[in-house]
Amino acid sequence: MKNSSEPQWWREDLKRLRSVEYIPETYINFFESIFSAHYRAKDHLVKETVYPSLGRKDVREMLAERVPFIHFDRMSIGPLREHLREHFREICSIIGKCEDPGRIENFAGSENCRDLEDLIRKTLSYDPDCLREISQKTGIDGSTLEFVALALARPLFELAAEDMKAMLAEYPWWQNYCPACGGTPFIARIRREDGMRMLRCSLCAVEWKFARVKCPFCNNEEQRSLRFFYYHEASPYRLYICDRCKRYIKCVDERKIDQTRTVDLAIEDMITLCFDALGRQKGYLSPSSLSEVVTPGIKARQKNKE
Amino acid sequence: MEVTRRSFLKFSGGATAFLLAGSLLDWVKIPSALAGMGLKEGIETTSICCFCGCGCGVIVTVSQDVVINVEGDPTHPVNEGALCSKGVATRQISTQTVSEEELNTTYAIGSRIDSWPEDKRLARVLHRAAGDDKWTVMSWEEALPLIGQKIASTRQDSWETTDQNGMIVNRTRAIAAMGGAAHDSEECHLMRKFFTGLGLVYIEHQARL
């Protein structure tokens, strides 16, 4: 059954994804399950107040200070605990089908809601010692813990940012971290209407404006060290690279895609996996560690406190 | 392609929306259809449109030493990504090498020589003789004296020393000068000097915005 948070083009896009020859079926199935669980969680959570409502004036003041306005500690987790737990069980069950079912099952049964909150908090504040401790206690490796924590956090953050999404897409933010939650971008699109490069947050799915010729990771503006790879002029996909920080970001040019199709960057991210392989082959990396996903926002907040 | 269970989740839960394919990427190969096209590299540079004085921001894309695209810079405060028809056409004024064969082609009148790809852009004088229906390629050595002769004869035939009230005017109204929005101040100054010296009164440099 279709979840109401599920975008209407999602199933169609999934079919398109299945036609991509180089992505293993197992991987697509996993992706589909995780996404479906994500939409289900959003459907449940949307009935509750995830985040205390912020006035537009407050938000604009924070944005002017270059401080992201959503923080996990301000979320009203209390009424959401049961949904969070349910989502956690579902995520564990999906992971358990692929990896170490016994251990994952134990993990799913052992964590109580307060522990889950703690797991998310520790992950988002990037506390490696704490994560190591949880990892030792549960026997679950660090990367899986991070994956679970972020999968739990994403619906919460997406809902918290939902009302501000349209405003943020037009706000002159120009920073290399998300204006809503401080997350790092994972993919970009060139907007059909005006050619603006929009970066998409890896945590809350908010999109914001960013300069076309600038590295979204190290802010390098030296144009000779910013290049891109592509296969065909008519193709919408490009791999932008920075020779200074050796990072890459994939970009989808909507202007080269049929106007009737809505571009879902999460799907495009999967479809363009070969560009990730290409980036690695050429010696470039995307932000791959958790610290890189969450630290830009942490730094921005710290700077503001000082 | 088989993905083992153990290796399947060896990715960070981080950067990409939901998954970051760590070990999976080791298996991902560039599809043959794409590989067949050949990987190309491009570079984008921000610049200012070389036409009128508005100063619109542009992004010029170059690949393999060829300008493949010029578009408005959406982050530029003047034009916010928009360009006028002249600005959009700036791709055509990039300099490219043209083969002898292409240069010596005789072009039919009415063909859209201004919108051809760079490698076919107009690089030599094209001349259409009076009454002829074809453009023919002419060298500058032939063209410049011909232009000079036409100017001199027209000026001589149409020269007015005084106007209808007997006022001394020393002018010709049979020749007009049209400039282009791409001319800078110095060029406009020299052109104005030259044409006024010739006695022209209809001088237009098209620098309006």
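**Digging into the overall build of chain B**
For chain B, the count of helices and strands is seven helices and eight strands. Across chain B, contacts joining residues at least 24 apart in sequence account for 38% of those joining residues at least 6 apart.

**What to know about the overall build of chain A**
The helix and strand tally for chain A stands at 12 helices and six strands. Counting across all 306 residues of chain A, residues that qualify as buried make up 42%. Within chain A, counting contacts between residues at least 6 apart in sequence, those at least 24 apart form 66% of the total.

**Here's the deal with the sheet that holds strand β7 (residues 168–178) of chain B**
Sheet strands associate in pairs through backbone hydrogen bonding, adopting either a parallel or an antiparallel arrangement. Residues and elements named next belong to chain B. With mixed pairing, three strands are arranged side by side in an open sheet as β6-β7-β8. Since the sheet does not close on itself, it has two edges, and those belong to β6 (160–162) and β8 (200–204), each with one partner. In this sheet, adjacent strand axes meet at a mean angle of 35 degrees when their direction is disregarded. Relative to β8, helix α7 (residues 185–198) is tilted by about 155 degrees, and along the sheet it contacts β7 and β8.

**Details of the sheet that holds strand β6 (residues 248–253) of chain A**
Judged by pairing direction, the sheet is mixed, and its nine strands sit side by side in the order β3(A)-β2(A)-β1(A)-β6(A)-β5(A)-β4(A)-β1(B)-β2(B)-β3(B) without closing on themselves. Because the sheet does not close on itself, it has two edges, and the strands there are β3 (207–210) of chain A together with β3 (66–72) of chain B. Across the sheet, the mean angle from the axis of one strand to that of its neighbour is 30 degrees, orientation sign disregarded. By the bridge criterion, seven bridges tie strand β1 (residues 40–48) of chain B to strand β2 (residues 57–63) of chain B in an arrangement that is antiparallel. By the bridge assignment for β2(B), B:G42 is matched with B:S63. Here helix α11 (residues 273–281) of chain A sits on the sheet and contacts β4 (226–230), β5 (237–242) and β6 of chain A; the angle it forms with β5(A), its principal contact strand, is near 30 degrees.

**Quick word on the confidence of the model for chain B**
All names here are of chain B. Looking at chain B as a whole, the pLDDT averages 77, with 70% of positions reaching at least 70. The element-level mean pLDDT for chain B is lowest in helix α1 (residues 5–8), coming to 41, with β6 highest at 97. Low pLDDT (under 50) marks residues 1–23, which in the prediction has 76 contacts with non-local residues, meaning those over four places away or in another chain. Here residues 106–116 is a poorly scored stretch, pLDDT under 50, and it has 16 contacts once near neighbours within four places are set aside; other chains count. Predicted complex metrics record ipTM = 0.83 and pTM = 0.76.

**Looking at the environment of A:C178**
Note that A:C178 resides in the loop between α9 (165–170) and β1 (185–190). Considering only alpha carbons, one finds A:C178 and A:E207, 29 residues apart in sequence, at a separation of 7.7 Å.

**Looking at unusual backbone geometry**
Residue and element names in this part refer to chain B. We note that E80 has phi near 45 degrees; this positive angle belongs to a residue other than glycine. One can find E80 in the loop between β3 and α4 (85–88). Using a count of 15 C-beta atoms within 10 Å as the deciding quantity, one classes E80 as partly exposed. Phi is positive for N170, which is not a glycine, with a value near 45 degrees. Mapped onto the elements, N170 comes out in strand β7. Residue N170 is classed as exposed on the basis of its 9 C-beta neighbours within 10 Å.

**Some points on the packing of helix α4 (residues 81–98) of chain A against helix α8 (residues 142–162) of chain A**
All names here are of chain A. Running from N to C, α4 and α8 cross one another at 135 degrees; their axes reach a closest spacing of 10 Å. By the angle between their axes, α4 is oblique relative to α8. Between α4 and α8 the crossing geometry is right-handed. Counted together, L84, H87, F88, I91 and I95 of α4 and T144, V148, A151, L152 and P155 of α8 form the full contact between these two elements. Partitioning the contact of α4 with α8 into residue classes produces eight nonpolar, two polar and no charged.

**As for the confidence of the model for chain A**
Summarising the model, chain A shows a mean pLDDT of 84, and 90% of its residues fall at 70 or more. Summarising per-element confidence for chain A, the mean pLDDT is lowest in helix α12 (residues 290–305) of chain A (61) and highest in β3(A) (96).

**Topic: helix α6 (residues 140–158) of chain B**
Relative to the 27 Å expected for 19 residues at 1.5 Å per residue, α6(B) spans 27 Å between its end C-alpha atoms, a close match to the ideal helical length. Counting buried positions along α6(B) gives zero out of 19 residues, so the element sits mostly on the surface.

**With respect to the pairing of β1(A)**
Residues and elements named next belong to chain A. Burial within β1 is extensive, with six of its six residues counted as buried. Relative to strand β2 (residues 197–201), β1 is paired through five bridges, and the arrangement is antiparallel. Bridge pairing in β2 links P185 to C201.

**Describing the environment of A:M270**
Residues and elements named next belong to chain A. With respect to the secondary-structure elements, M270 resides in helix α10 (residues 265–271). Residue class for M270 comes out buried when judged on the 25 C-beta atoms lying within 10 Å of it. Sequence separation between M270 and I257 is 13 residues, and the spatial gap between their C-alpha atoms is 17 Å.

**Digging into the packing of helix α2 (residues 25–45) of chain A against α8(A)**
Residues and elements named next belong to chain A. Here α2 crosses α8 at 45 degrees, and the two axes come no closer than 9 Å. With respect to α8, the axis of α2 lies oblique. Here α2 runs over α8; the crossing is right-handed. Seen from α2, the contacting residues are I34, H38, A41, K42 and L45; seen from α8, they are A151, R154, P155, L156, E158 and L159.

How each quantity is defined
- Residues numbered from 1 in each chain as written.
- Chains lettered and ligands numbered in written order.
- Predicted model: local features only at pLDDT ≥ 70, side-chain atom pairs only at ≥ 80, totals over all residues.
- Helix = DSSP H or I, 4+ residues; strand = E, 2+ residues; numbered from the N terminus.
- Contact = placed C-beta atoms within 7 Å.
- Buried ≥ 20, exposed ≤ 12 C-beta atoms within 10 Å, placed from the backbone.
- Pairing = 2+ DSSP bridges.
- Axes fitted to C-alpha atoms, helices over the stretch in contact; angles between N-to-C directions.
- pLDDT = per-residue confidence, 0-100.
- Parallel < 35°, antiparallel > 145°, perpendicular 65-115°, else oblique.
- Left-handed = near helix turned anticlockwise from the far one by under 90°.
- Nonpolar A, V, L, I, M, F, W, Y, C, P; charged D, E, K, R; others polar.
- Expected span 1.5 Å × (residues − 1).

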